[in-house]
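Results of the structural survey
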Amino acid sequence: MFIDSKKLIIKAIEARKFSYAPYSGFCVGAALLTKTGEIFTGCNVESASYSPTNCAERTAVFKAVSEGKLDFAAIAIIGGKGHEGKTENYTAPCGVCRQVLAEFNDGSMKVILAKDENDFKEYSLSELLPLSFTPKSLV
Ligand code: THU
């Protein structure tokens, strides 16, 4: 399917505005595209006791799965200090988020890392999580 990376990044940029990150100040937005063309956004949500913090990517995945959407085509991610503006770096998903994505995907989905809508890199999930342990491993 055609994936409009720029459109997905713009959704991630919008989601980053809602980031709740009073402890790290590192604000992340994600936009997850389903194979049926829907977009679920997410931001990171931190906690005063730190460990309950949820990453932007998992927020988006859990929103989608909780609405019965389990097939993903792509995710765009943008993260940096503050709620808006071009970021210093490309924010790659943490190991936990890669594992959560791999629960629902064979590794072919696109992972788009953006500094803004005009500056981004694209990977497949399997490039970011090779030799993954997935539901198929449980035989
Ligand atoms: N974070 C994400 O939301 N996604 C990532 O891919 C990396 C890290 C969040 C978690 C925490 O709220 C803040 O960024 C700093 O680690």
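So, a few notes on the structure that sits alongside this text.

Conventions and cut-offs
Residues numbered from 1 in each chain as written. Predicted model: local features only at pLDDT ≥ 70, side-chain atom pairs only at ≥ 80, totals over all residues. Heavy atoms only, no water. Helix = DSSP H or I, 4+ residues; strand = E, 2+ residues; numbered from the N terminus. Rg over C-alpha atoms; globule rule 2.2 N^0.38 Å. Buried < 20%, exposed > 50% of the residue type's maximum accessible area, 1.4 Å probe, protein only. Contact = heavy atoms within 4.5 Å. Axes fitted to C-alpha atoms, helices over the stretch in contact; angles between N-to-C directions. Parallel < 35°, antiparallel > 145°, perpendicular 65-115°, else oblique. Left-handed = near helix turned anticlockwise from the far one by under 90°. Nonpolar A, V, L, I, M, F, W, Y, C, P; charged D, E, K, R; others polar. Pairing = 2+ DSSP bridges.

Turning to the overall build of the chain, a few remarks are in order. Within the chain, the secondary structure is distributed over four helices and five strands. Listing the helices and strands of the chain from first to last along the sequence gives α-β-β-α-β-α-β-β-α. The C-alpha radius of gyration computed for the chain amounts to 14 Å, which stays within 12% of the reference 14 Å derived for 139 residues, consistent with globular compactness. Overall, the chain is about 45 × 35 × 30 Å in size when its C-alpha atoms are taken along their principal axes. Among the 139 residues that make up the chain, the fraction classed as buried is 45%. Relative to all contacts within the chain whose residues are 6 or more apart in sequence, the contacts with residues 24 or more apart total 64%.

A separate point is the packing of helix H2 (residues 56–65) against helix H3 (residues 95–104). Contact geometry for H2 and H3: axes closest at 9 Å, N-to-C directions at 25°. In terms of their interaxial angle, H2 and H3 are classed as roughly parallel. In the crossing of H2 with H3, the sense of the turn from one axis to the other is left-handed. Contacts from Glu57, Arg58, Val61, Phe62 and Val65 of H2 reach H3 at Val96, Cys97, Val100, Leu101 and Phe104. Its residues assigned to classes, the contact of H2 with H3 shows eight nonpolar, no polar and two charged.

On to the sheet that holds strand E2 (residues 39–43). Spatially, five strands are ordered E2-E1-E3-E4-E5 in an open sheet, and the strand pairing comes out mixed. Bordering the open sheet on either side are E2 and strand E5 (119–124), each of which pairs with just one other strand. Taking each pair of neighbouring strands and ignoring which way they run, the sheet shows an average axis angle of 20°. Sheet topology places strand E4 (residues 110–116) next to E5; six bridges connect them, and they run antiparallel. Paired with Ile112 across the bridge in E5 is Glu122. Seen against the sheet, H2 touches strand E1 (26–34), E2 and strand E3 (72–81) and runs at an angle of roughly 140° to E2.

All right, on to the environment of Val100 then. On the secondary structure map, Val100 appears in helix H3. In the structure, Val100 is positioned 37 residues away from Ser137 in sequence and 14 Å away in space, judged by C-alpha atoms. Those residues in contact with Val100, other than ones at most four positions away along the chain, are Arg58, Val61 and Phe62.

Everything listed here is a matter of coordinates, which is why it stays silent on function.
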